[in-house]
Amino acid sequence: MLLSMLMDMQFAVMGAGIGAGLVAIGAGIGIGQIGGSAMEAMARQPEAFGKIQTAMLVIAALVEVIALFGVVVCFLIYTAGTAAA
Amino acid sequence: MSGEKKNMTKSGAFKICKELIMCGLICLFSMSSLQQAYASDVSEGEGFNPGDMINHHIKDAHGWEITHGVVVPLPIILYSEPDGLMIFSSSNFFNNAHEEVAYKGYLLSHEYISRADGQPVYDFSITKNVLFIFIDASIMLLIFFAVARGYKKNAGKAPKGIQSLFEPVIIYIRDEVVKPSIGDNYQKYLPYLLTLFFFIWFGNLLGLIPGAANMTGNIAVTAVLALGTFFITNFSGKKAYWSHIFWTPGVPWWLRPIILPVELIGVLTKPVSLMVRLFVSITAGHIVVLSLVSLTFIFHSWMVGFGSTVIVTLITIIELLVATIQAYVFTMFTSLYIGMAVEEHH
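Being a predicted model, the structure only gives us computed values, none of them experimental.

Chemist: Account for the overall build of chain B, with residues named and values stated.
Modeler: Of regular secondary structure, chain B possesses 9 helices and 7 strands. Classification of the 346 residues of chain B by burial places 24% in the buried group.

Printed below as a string of structure tokens:
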């Protein structure tokens, strides 16, 4: 019974969805912290607005890539799951 | 007495855990059967498969399919022991009804060319991605020869036309990215880093055009770009760089057997992280856009189509930003690694 559950690729598709959600939570926390700190820094030093914004966008892009890892892995699981089903 | 109580609460907690797990399993199995019923229902009619559609769009191909059914054939270049070098058009692999047919003993199936007799074939074809590398390179040649002509003609005067469009970008990369991270000897590496930035940037932007290839989202392309970084970093490594790897300063002797492999792996992880970052960010951007587009066909509804069009527009605007930022990040990290390698001492 357990084996048949493990072999069922539809659960893999479900797991892909749950994983995407977890990755989105992580990336959301990361980007939120970056954005919050950048806002604070801009409020303290409005003259450094441009520099802070550039740095913020770059770091946000680095965090976003982690979220996109989740997208790619979920897509791979999804295609494998639908091909097996 | 208290021990007994503890035991009881423990067994109680265990019981609750067991019940929860059982409930979960029952839920899962009932869902599984439900899903299977649903799946068998769908498979009766030829359903729309978003996975296949997306895979078809993000992968390399032997022909350039601009829209559905409009395919530009590309040259196939093959080498195999019995036949030697062979060059022919990829349209030979399809008959008039767009069915896969064998040509001179070769068969193209799922973008993989094989011989009917099973002997190895080396495929050097101009695929869709290779074509887009050529297009990217020729756009760069056109633009930057024009920019260079502008500098010759307007020497000492204000920049004009396309020259004034690209001058701020070039100056930005030089002054904000390359100079601070490499230091005094930056001019030796500036041409490569500018080429790298514009190649990735134009490649990313080309990939966003509907019908175009996902060129910078191909792991082979990003691997070659990362190899460039790897070779330049290690060949321009000074004494301080290598001594930092093989004889890390300020480390106790018993830690050296651990630090040395870590530092050696670190040499490899730098280009690998560059490769994977660019590949993932561009490919995943395409996957997200195409998934949102396929929502329309999954739900068969014009209202969903309207909604997904709005979201896809917004995502595409973000993708324009990502295209620039990823090119910037790749250039910045490459110049940081080169800067670490050429640093004399700290």
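Chemist: I'd like a description of the overall build of chain A, backed by residues and values.
Modeler: In terms of helices and strands, chain A carries 3 helices and 0 strands. Each helix and strand of chain A, placed in order from N terminus to C terminus, yields the pattern α-α-α. Classification of the 85 residues of chain A by burial places 13% in the buried group. Looking at chain A alone, contacts between residues at least 24 apart form 82% of all its contacts between residues at least 6 apart.

Chemist: Residues and numbers for the nonpolar core, please.
Modeler: One finds Val71(A), Phe197(B), Ile200(B) and Phe330(B) to be the most contacted residues of the largest nonpolar core, which totals 56 residues. Discounting chain neighbours no more than four positions away, the residues touching Val71(A) are Ala20(A), Ala284(B), Ile287(B) and Val288(B).

Chemist: So what's going on with the domain arrangement of chain B? Which residues, and what values?
Modeler: Each assigned domain of chain B is listed here: domain 1 (75-123) and domain 2 (128-342). Put simply, the middle of domain 1 of chain B and the middle of domain 2 of chain B, counted by C-alpha atoms, are 34 Å apart.

Chemist: Which residues make up the confidence of the model for chain B, and what are the values?
Modeler: Residue and element names in this part refer to chain B. Of all residues in chain B, 86% attain a pLDDT of 70 or more, and the chain-wide mean is 82. Within chain B, no element has a lower average pLDDT than helix H1 (residues 2-44), which sits at 50, and none a higher one than helix H5 (residues 190-208), at 94. Across residues 1-6 the pLDDT falls below 50, and counting only partners more than four positions away or on other chains, this stretch makes 0 contacts in the model. Note that pLDDT drops below 50 for residues 26-45; the model gives that stretch 6 contacts with residues more than four away or on any other chain. Both scores are given for the predicted complex: the pTM is 0.80, the ipTM 0.76.

Chemist: Tell me about the sheet that holds strand S3 (residues 75-80) of chain B, and name the residues and values.
Modeler: With antiparallel pairing, 3 strands are arranged side by side in an open sheet as S4-S3-S7 (chain B). In the strand order of this sheet, the two ends are held by strand S4 (84-89) and strand S7 (122-123) of chain B, each with one partner.

Chemist: Residues and numbers for the interface of chain B and chain A, please.
Modeler: By convention, interface size is frequently given as the accessible area that disappears when the constituent parts associate. Chain B puts 19 residues into the contact, and the matching count from chain A is 17 residues. Elements with a contribution of two residues or more to the side of chain B that touches chain A: H1, helix H2 (50-58), helix H8 (256-299) and helix H9 (302-342) of chain B. Here the side of chain B that touches chain A takes 7 residues from H8(B), the largest share from any one element. Tallied by class, residues from the side of chain B that touches chain A come to 10 nonpolar, 8 polar and 1 charged.

Chemist: Which residues make up the packing of helix H6 (residues 219-235) of chain B against H9(B), and what are the values?
Modeler: Residues and elements named next belong to chain B. Remark: H6 packs on H9, axes separated minimally by 8 Å, with the N-to-C direction vectors making an angle of 15°. Here H6 is positioned roughly parallel relative to H9, judged by the angle of their axes. Helix-helix and strand crossings are classified by hand; for H6 and H9 the assignment is right-handed. Only Thr334, Tyr337, Ile338 and Ala341 of H9 make contact with H6, whose side of the interface consists of Thr229, Ile232 and Thr233.

Chemist: Please provide a residue-by-residue account of the environment of Phe166(B), values included.
Modeler: Residues and elements named next belong to chain B. By the secondary structure assignment, Phe166 is in helix H4 (residues 162-182). Given 18 C-beta atoms within a 10 Å radius, Phe166 is considered partly exposed. Through-space distance from the C-alpha of Phe166 to that of Lys152 is 15 Å; in sequence the pair is 14 residues apart.

Chemist: An account of H4(B) is needed here, citing residue identities and associated values.
Modeler: Residues and elements named next belong to chain B. For H4, spanning 21 residues, the distance from its first C-alpha to its last is 28 Å, which sits close to the expected 30 Å at 1.5 Å a residue. The axis of H4 is deflected most strongly, by about 30°, at Arg174. All buried positions along H4 are accounted for by Ile173, Val177, Val178, Ser181 and Ile182. One or two positions beyond H4, positive phi appears at Gly183, with a value near 100°.

Chemist: Explain the packing of helix H3 (residues 128-153) of chain B against H4(B) to me, and be specific about the residues and the numbers.
Modeler: All names here are of chain B. Where H3 meets H4, the axes come as close as 9 Å, and the angle between the chain directions of the two elements is 100°. Overall, the two elements H3 and H4 adopt an arrangement that is roughly perpendicular. Residues Ile143, Ala146, Val147, Gly150 and Tyr151 of H3 lie in contact with H4, whose contacting residues are Ile162, Gln163 and Phe166. For the contact of H3 with H4, the per-class residue count stands at 6 nonpolar, 2 polar and no charged.

Chemist: Any details on the environment of Leu141(B)? Residues and values, ideally.
Modeler: Here Leu141(B) shows up in helix H3. A tally of 10 C-beta atoms within 10 Å means that Leu141(B) is categorised as exposed.

Parameters at a glance
- Residues numbered from 1 in each chain as written.
- Chains lettered and ligands numbered in written order.
- Predicted model: local features only at pLDDT ≥ 70, side-chain atom pairs only at ≥ 80, totals over all residues.
- Helix = DSSP H or I, 4+ residues; strand = E, 2+ residues; numbered from the N terminus.
- Buried ≥ 20, exposed ≤ 12 C-beta atoms within 10 Å, placed from the backbone.
- Contact = placed C-beta atoms within 7 Å.
- Core = buried A, V, L, I, M, F, W, Y, C linked by C-beta atoms within 7 Å.
- Domains from an automatic or database assignment.
- pLDDT = per-residue confidence, 0-100.
- Pairing = 2+ DSSP bridges.
- Nonpolar A, V, L, I, M, F, W, Y, C, P; charged D, E, K, R; others polar.
- Axes fitted to C-alpha atoms, helices over the stretch in contact; angles between N-to-C directions.
- Parallel < 35°, antiparallel > 145°, perpendicular 65-115°, else oblique.
- Left-handed = near helix turned anticlockwise from the far one by under 90°.
- Expected span 1.5 Å × (residues − 1).
- Bend = angle between axes of the 7 residues up to and from the residue.

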